[in-house]
Structures are given as C-alpha cells and as structure tokens.
Amino acid sequence: MGVRSAATKLHIPPSAARGGRPTFLPFVAVFLLCSASYLVGVWQHGGFASSSPSSSPGAVSIATSVACTTTNTAAAATPKRRTRYATSRSRTTSPSLDFSVRHAAAIALDDADGTASPGASSSSATPRRYPACAAKYSEYTPCEDVERSLRFPRDRLVYRERHCPASEREVLRCLVPAPAGYRTPFPWPASRDVAWFANVPHKELTVEKAVQNWIRVDGDKLRFPGGGTMFPNGADAYIDDIGKLIPLHDGSIRTALDTGCGVASWGAYLLSRDILAMSFAPRDSHEAQVQFALERGVPAMIGVLASNRLTYPARAFDMAHCSRCLIPWQLYDGLYLIEVDRVLRPGGYWILSGPPINWKKYWKGWERTKEDLNAEQQAIEAVARSLCWTKVKEAGDIAVWQKPYNHADCKASRPSKASKSPPFCSRKNPDAAWYDKMEACITPLPEVSSAKDVAGGAVKKWPQRLTAVPPRVSRGAVKGVTAKSFAQDTELWRKRVRHYKSVISEFEQKGRYRNVLDMNARLGGFAAALATAGDPLWVMNMVPTVGNTTTLGAIYERGLIGSYQDWCEGMSTYPRTYDLIHADSVFTLYKNRCEMDRILLEMDRVLRPRGTVIIREDVDMLVKVKSVADGMRWESQIVDHEDGPLVREKILLVVKTYWTAQEQDQ
C-alpha cells in the first residue's frame, strides 16, 4: 500500500582535514546508509509498486486536492467502474472523484448469489467484492426488522424497540440496494414539500391520512401539503398558534423533540424559525413515516416510547411535542411523561394537542365518552403536577406545560412517601440512555444556590449558544474538556471544514448536502463549523457509546442534535438517509471491537447513491479501511491532512456509485 513520504535532502560538507589524504570511505558509508534507509522506507510504505496506472488495485496515492468534476451519465452509471491509484515517489495528478448526482439511471445488480463481477481479478491483492442484497432489503433496518420484532412482547410496544441481530447468521454482509428508479432527492427547501415517489414507493398514508392532508401522490412525485391530524390549516398556522403561548421567535427555544412525528411536518416548518427538531416514530406504525421525513430533508429517527430510555442525555431539549401521537401519558405511573421530563431542559415546555385536549369539542369524532376523555385529561394533569410542572395555558386544541428551572421548591414541597407522587431518582448518571430502562422516578436537576437559578446553568439564545462555552463544560461536567480546549476545538473544526471545502467543490453548491451524519461528533465541532458557515444542512451528531459520552449533553447545549450509538450495531434509520457522512477516528475507536466491514456496510446502507464520505484516520488504519471500501462500489481517494503531507493522519474521500435494484428483482 504505497504511501508517499516526503523527500529529505542530506547535505554533507567537504572534508576539512588539513594535510590529510582525502578518503572516500565516509562518503561511501553515508551513501550505503541512505540507500538502505530509503529501501526500508519504501518497503514499509507499500513495497516496490510500479508508478504505472496498471499497478495493483490495492495501491494508494495521496493527493493534495480532488477536482470534483462531473462525468457523463453513462460513464457514471457503470457499477463495475473502479478508479485505481498507483504509488509514486513524486507527486502526480490523481484521477478525480465524481461527486455529481444522478437523477435517472438504472444499474444492474450482481448475480443474486453474490458472485463477483465477470472479469474480476483473481489476484490475492484484489479486494473482496461485496454482493448486492436482494431487492426486498431496499428498506432494511437491521435493528428494527419487522420479522425479528415479532419475537418480542407486545406489551408496552416492547417489540417495536431496538432488537439487533443476535447472531452472525442474521447479519447481512451485502450492499442494500436503492429501489429501481431511485432519483436524487430535491434540494432543500423544495424537498420539504415534494419527493420522488420511486424513492419511497408507498401509498398507504395517502389513503389513510387523506383527510388530514399529510401526503398525496401527484404523478411521479409525492407532495407534502404541511397538514396534520391536529393542524388542518397547515403546520405553519399551527406553529403560529403555539407561538402565541410560548416564545418561539427570540432564540430562547432552539432544540425540540417531536414524539410520534408522522411525516415530521411540525419539525419541517420549525426550521424556518431556526428551531431544530428531533422527530421520531416507530417503524411501520404508519408505513415509512420516518423515511418520508428523511426524504424531505428533515431530521428524524426510528424510535418509540416503550421500556427503554430515549437515546438522548438529560436536559437536552428546550421543547417537546405530541400532536395526537397516541402515547398513553397517564399510564404506567406516568412513566412516559417522566421520561419527557428527563430530556427536557430546565424551563422547557411540553406541548400536547389531540386527545384528550379540547375533548368537549371532539369527543364524538374521537368515538369516546366524555367521562373517559375527562378522566384521561385529569390523570395527565396529575402526572404533570407531580413533576412540579406548571400549566402555561390551554387554548383551543393546544395545551402547554413548563418544567421548573430548578427543583429547589419542588423538593421542599414533595408530598409524603405515602402519596402516589414519584420519588427523585437515586441513580448517579441521568444521561445514561443506551438500552437503559426507564424508571418511575424524577431525574433530579443539578443543585442550585438560589431558587431563581437555572439548574445546570443557563444557555445563551440562538445563535450565540452555538459557539458559547456550554454550561456543562464551564461547570466541569464534560470529561477532559475545559473552556480553553473547547474554544480550541471550535477553531480547529473551522479550519478542517475549510480544508474539506477546498478538496470537495460540491460544498459550494448550496443544497448539495442536506442530511449529514457525524459518526464521532465529540463536542459537535464539525456541525458547528458547518452551521457557522451558513450551509443549508443539518447534522446528526452521534456519540459512540464506547467513547466519552459526556459530550452529548454539551452538543445539545450548543443548540445541535444527536444521539448515542454503538457502531457495531445498526443505526435506527432507513437506508439512504444521509448525503454526507463524516467519520473521525471511528475505526480506531472500534478496533478489536467488531469487524471493520460491519461498520463500512452500515455506512453504505445509510448513505444515498452519489453520497460522500469523509474518513479521518492514521494512515496505516486508513489504508486498511480503503482496502475494504474498494470492494463496496465506492470510489475513493486519500488526500493529505489540512496541516500538510508530513502529518500521519490522512483523509479518505469516498463517493458511493449510483446503482439500483432491477425491476424484475422486486
């Protein structure tokens, strides 16, 4: 695997000995030493590969930049095409990667039995070729597989939680295909209102929710009018009604949680108000609802309130929302509302519309008795009071509660143990939320010195909070991070993003990248740098469970969103979710934890055709990653670190080639 080393000149002055007879032995000795060092260096960095373009497929070159030129459609549509890079001692111009999109091409799959392409080299240096999965897996979600879920209890929707493959036999070792006719999604903001039907070929919601105006089919397109069950006048008008009750326009509310999101119209229309919503709904509650949201360019994940905590830290969201989400808030000792309380920031708001709110108007249409609906509302009100929430107002179809800024008064007024009010939790880590069970107890807020203080520290208004030192950092709650190192990290990622943009020209095309995934977000510096630059995109900041998980709370305090994730497992999202994936030291982090190809195949599953991957690793690790990636219908090129060629860390740029399932395979 050839890695170009920098040439170093060695200057040897002439002999200064006086009167002595000149000798050539020192020169010969130095020459031999230099030659031996050079040969060892060449051997360690990839052997004696030829600089010819016909070199081994495993050869690698490092380029200082990548010219992202567009090739013709026919050439880009060839699935077997691989760009090969050869080792060379002198810097040469490398073939360019094609970052252009494809709107209407059809690519044949490999044989269904997974055999390699005809003509593939039999050489041992040839990377393993990963076959295409069968077309039936085009919407495969490994940890929310519908068939596997049936093995688990129906009680409290446990069967709809994450249940990943339990054995290697269940793990797919193939490339998930895009459906036949797949086309690149419309750029934002057009994508909010329209999508290609071929990308999410489902009509169930257009029939089931026709009255609510969620979605409709218009020829080869899907249109999203912005309607919802409880906002027949559209999401914009509904949000305006909420804005009359709480401050949506002054930057004090930035992060929101939408439970049972449908096609995420609420979150989609909040974006124009600089409010970023994390929307979630269970897999197949309504066919492909989360997939529709992601196709629109709106943040969303597959998720459900059942027995496990939501995969977010405590005190994450400024606002939480339920619009006829059908979650039984009053049942199980108020467990689900207690979980919302855990993830709400001090002073955060909870918004409820739909049953039982305004039941006096709708009880006949809801086909329930007045007594039943009244009892449900009273039970919800009681749970909210037990959490020390204050009801802000109930106006029309909308009711709003507010969480206290601290628990000073709440603890002082706590009822006796004989009452049904939940106690305060005793567990030490309120942020733990990866397969951690929900508990019927209140997550205590950090202690305050005054009843007027904001527990844990107040965040600044948006957009100042993006670059301000998060309260968790200033209070020393994030391991190994200080205010100084946070500022340095912020500046570092600005520099790195500038470098990315210098080698990937598609960053200059507004809307080229909309859905972005950062697989190892740390403090959210990559997302913050993109947001500061004004790029019209959003970033899902994932914090690996094997790393420093204390950073996710700080990411939310910056006004960004994210989740915990174990990359040895599948992500709770549909295939073709992201336009751009950023992976900083992910493979080093998971070294010896799970197979490299398992992570790469998951990246391929969630990456859209013609999507881009940026991988940062030490050069030795990066060469190993590339050797696997070259068998995955990816085109890749290693480029230098932003600080130059002498830095061992390098960057692998990847483009996923365009290919789809054949019509006859569906």
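Everything below is about the structure printed above this text.
Let me begin by describing the structure that accompanies this report.

Definitions and limits used
- Residues numbered from 1 in each chain as written.
- Predicted model: local features only at pLDDT ≥ 70, side-chain atom pairs only at ≥ 80, totals over all residues.
- Heavy atoms only, no water.
- Axes fitted to C-alpha atoms, helices over the stretch in contact; angles between N-to-C directions.
- Helix = DSSP H or I, 4+ residues; strand = E, 2+ residues; numbered from the N terminus.
- Parallel < 35°, antiparallel > 145°, perpendicular 65-115°, else oblique.
- Left-handed = near helix turned anticlockwise from the far one by under 90°.
- Contact = heavy atoms within 4.5 Å.
- Nonpolar A, V, L, I, M, F, W, Y, C, P; charged D, E, K, R; others polar.
- Disulfide = S-S within 2.5 Å.
- Buried < 20%, exposed > 50% of the residue type's maximum accessible area, 1.4 Å probe, protein only.
- Pairing = 2+ DSSP bridges.

1. What to know about the packing of helix H13 (residues 483-503) against helix H14 (residues 525-532)
Okay, step 1: Two elements in contact, H13 and H14, have axes whose closest approach is 8 Å; the angle formed by their N-to-C orientations is 65 degrees. Relative to H14, the element H13 is oriented roughly perpendicular. Crossing of H13 over H14 shows right-handed handedness. Each of Asp489, Trp493, Arg494, Val497 and Tyr500 in H13 lies in contact with H14, whose residues at this interface are Gly525, Phe526, Ala529, Leu530 and Thr532.
Okay, step 2: Grouping the constituent residues of the contact of H13 with H14 by class yields six nonpolar, two polar and two charged.

2. Looking at the state of the cysteines
What we call a disulfide is simply a covalent bond connecting the sulfur atoms of a pair of cysteines.
Okay, step 1: The tally for this structure, following the rule as stated, stands at six disulfides.
Okay, step 2: Note on cysteine connectivity: Cys133 is disulfide-linked to Cys174, with sulfurs 2.0 Å apart. Taking the sign of the S-S torsion, about 100 degrees here, the bridge from Cys133 to Cys174 comes out right-handed. With Cys133 in the loop between helix H2 (73-76) and helix H3 (146-149) and Cys174 in the loop between H3 and strand E2 (194-196), the pair connects residues that are 41 residues apart, well separated along the chain.
Okay, step 3: Sulfur-sulfur distance for the disulfide between Cys568 and Cys594 comes to 2.2 Å.

3. Thoughts on the pairing of strand E11 (residues 398-402)
Okay, step 1: When you tally the buried positions in E11, you get five out of five residues, the bulk of the element.
Okay, step 2: Here E11 shows a buried face lined by Ile398, Val400 and Gln402 and a second buried face lined by Ala399 and Trp401.
Okay, step 3: As paired elements, strand E9 (residues 344-353) and E11 share five bridges and run antiparallel to each other. Within the sheet, the bridge partner assigned to Ile351 lies in E11 and is Val400.
Okay, step 4: Bridging between strand E10 (residues 390-395) and E11 involves five bridges; their strand directions are antiparallel. Bridge pairing in E11 links Lys391 to Trp401.
Okay, step 5: A loop of two residues connects E10 with E11, the two strands running antiparallel in sequence, and Gly396 in this loop sits at a positive phi of about 65 degrees.

4. Comments concerning helix H18 (residues 619-629)
Okay, step 1: Counted residue by residue, H18 has eight buried out of 11 residues, so it is predominantly covered.
Okay, step 2: Along H18, the residues classified as buried are Val619, Met621, Leu622, Val623, Val625, Lys626, Val628 and Ala629.
Okay, step 3: Tucked into the core, H18 has its buried residues touching helix H16 (586-589), helix H17 (596-606), strand E16 (607-618), strand E17 (634-639) and strand E18 (649-656).

5. Here's the deal with the packing of H17 against H18
Okay, step 1: At a minimum axis separation of 10 Å, H17 and H18 run at an interaxial angle of 60 degrees. For the element pair H17 / H18, the angle class is oblique. Seen from above, H17 lies across H18 with right-handed handedness. Counted together, Met596, Asp597 and Leu600 of H17 and Met621, Lys624, Val625, Val628 and Ala629 of H18 form the full contact between these two elements.

6. So, the sheet that holds strand E5 (residues 255-259)
Okay, step 1: If you walk across this open sheet you meet the seven strands as E7-E6-E5-E8-E9-E11-E10, and the pairing is mixed. Both edges of this open sheet fall to strand E7 (300-302) and E10, since each of them pairs with a single strand only. The mean angle between the axes of side-by-side strands here comes to 20 degrees, regardless of whether they run parallel or antiparallel.
Okay, step 2: Across three bridges, the pairing between strand E6 (residues 276-281) and E7 is parallel. Across the sheet, the residue bridging to Phe280 is Met301, located in E7.
Okay, step 3: Against the sheet, helix H8 (residues 335-343) makes contact with E5, strand E8 (317-323) and E9, and its axis sits at roughly 140 degrees relative to E9, the strand it touches most.
Okay, step 4: The strands touched by helix H10 (residues 370-386) within the sheet are E9, E10 and E11, with E10 carrying the most contacts at an inclination of about 150 degrees.

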